[in-house]
Amino acid sequence: MDLLDRRPGRLTSAVLRAPGWLYRLHLGWVLGDRFLYFSHRGRRTGRTRHTIVEVVRFDRGEPEATVVAGWGPGTQWYRNLEAAPAEEVVIGRRRWPHPGHRFLDEPERGALLRSYADEHPRAARGLGRAFGVPELDDRAIARLAERTRAVAFRPFPAARAVRTGA
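Residues numbered from 1 in each chain as written. Predicted model: local features only at pLDDT ≥ 70, side-chain atom pairs only at ≥ 80, totals over all residues. Heavy atoms only, no water.

1. Structural notes on the pattern of salt bridges
Thought 1: Following the criterion strictly, the structure yields 12 salt bridges and no others.
Thought 2: A salt bridge links aspartate 33 to arginine 60, with the shortest nitrogen-to-oxygen separation between them at 2.2 Å. Taken together, the residues aspartate 33 in the loop between helix H1 (10-24) and strand S1 (35-41) and arginine 60 in the loop between strand S2 (48-59) and strand S3 (64-69) connect sequence positions 27 residues apart.
Thought 3: For aspartate 33, a relative accessible area of 16% puts it in the buried group.
Thought 4: Residue classification places arginine 60 among the exposed positions, given a relative accessible area of 57%.
Thought 5: In this structure, the salt-bridge partner of glutamate 64 is arginine 154, at a minimum N-O distance of 2.9 Å. Here glutamate 64, found in strand S3, pairs with arginine 154, found in strand S7 (residues 149-154); they are 90 residues apart in sequence, far enough to count as distant.
Thought 6: The network of salt bridges with shared partners includes Glu62, Glu64, Arg102, Glu108 and Arg154. (Salt bridge = Lys/Arg side-chain N within 4 Å of Asp/Glu carboxyl O. Helix = DSSP H or I, 4+ residues; strand = E, 2+ residues; numbered from the N terminus. Buried < 20%, exposed > 50% of the residue type's maximum accessible area, 1.4 Å probe, protein only.)

2. What to know about the packing of helix H3 (residues 106-119) against helix H5 (residues 138-147)
Thought 1: The N-to-C vectors of H3 and H5 enclose an angle of 135°; their axes lie 8 Å apart at closest approach. Taken together, the axes of H3 and H5 lie oblique to each other. The handedness of the crossing between H3 and H5 is right-handed. Every residue of H5 that contacts H3 at Glu106, Arg109, Gly110, Leu113, Arg114 and Ala117 is listed here: Asp138, Ile141, Leu144, Ala145 and Glu146.
Thought 2: Of the residues in the contact of H3 with H5, the class split is five nonpolar, one polar and five charged. (Axes fitted to C-alpha atoms, helices over the stretch in contact; angles between N-to-C directions. Parallel < 35°, antiparallel > 145°, perpendicular 65-115°, else oblique. Left-handed = near helix turned anticlockwise from the far one by under 90°. Contact = heavy atoms within 4.5 Å. Nonpolar A, V, L, I, M, F, W, Y, C, P; charged D, E, K, R; others polar.)

3. Focus on the packing of aromatic side chains
Thought 1: Scanning the model with the defined rule gives four aromatic pairs in all.
Thought 2: Between phenylalanine 38 and tryptophan 77 the ring centres are 5.3 Å apart and the planes differ by 80°, which places this aromatic pair in the edge-to-face class. Taken as a pair, phenylalanine 38 in strand S1 and tryptophan 77 in helix H2 (residues 76-83) lie far apart in primary sequence, 39 residues in all.
Thought 3: Owing to a relative accessible area of 11%, tryptophan 77 belongs among the buried residues under this scheme.
Thought 4: Each ring, one from tyrosine 78 and one from phenylalanine 103, has its centre 5.1 Å from the other, and the planes form 70°; the classification is edge-to-face. Residue tyrosine 78 is located in helix H2, and its partner phenylalanine 103 is located in strand S6 (residues 100-103); the two are separated by 25 residues in the primary sequence.
Thought 5: One Lys or Arg, arginine 93, reaches over the ring of tryptophan 29 and ends 4.4 Å from the middle of that ring. (Phe/Tyr/Trp six-rings, centres within 6.5 Å; stacked < 30°, edge-to-face > 60°. Lys NZ or Arg CZ within 6 Å of the ring centre and 35° of its normal.)

Here is the structure:
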């Protein structure tokens, strides 16, 4: 079984869905900069879709929020972003209508994942266990960088990030 072919169990899946419930209750701000919500269009249906993902890196100076499509290039939201840009990003109390985004290449993904593992060792270990990887060593990170995809969101250049309610 390949690294990304293994899906998390029921308990892990429930934990991964928890941020979605907070955003649905308009409490996403309690997650700070660790998770973001974005809306995007389905590439086939044209329907608005809503996705909540963990922020792997957040640069307040740029500003830029980077997320990883953990199931690789077949991840539905990732494929939708390849077809059309996101409609909105909400991170903490910031709202970016019509954000820009860029796709990270493999070397950038490797550096991003190494940095995440160094900055958040407990979360990285949990993520590794969810994917059946006992340790996120350099070899495992290189494999993850090859198989995953990452997207960096920014406020659209002509617009500023908008603060949402208290």
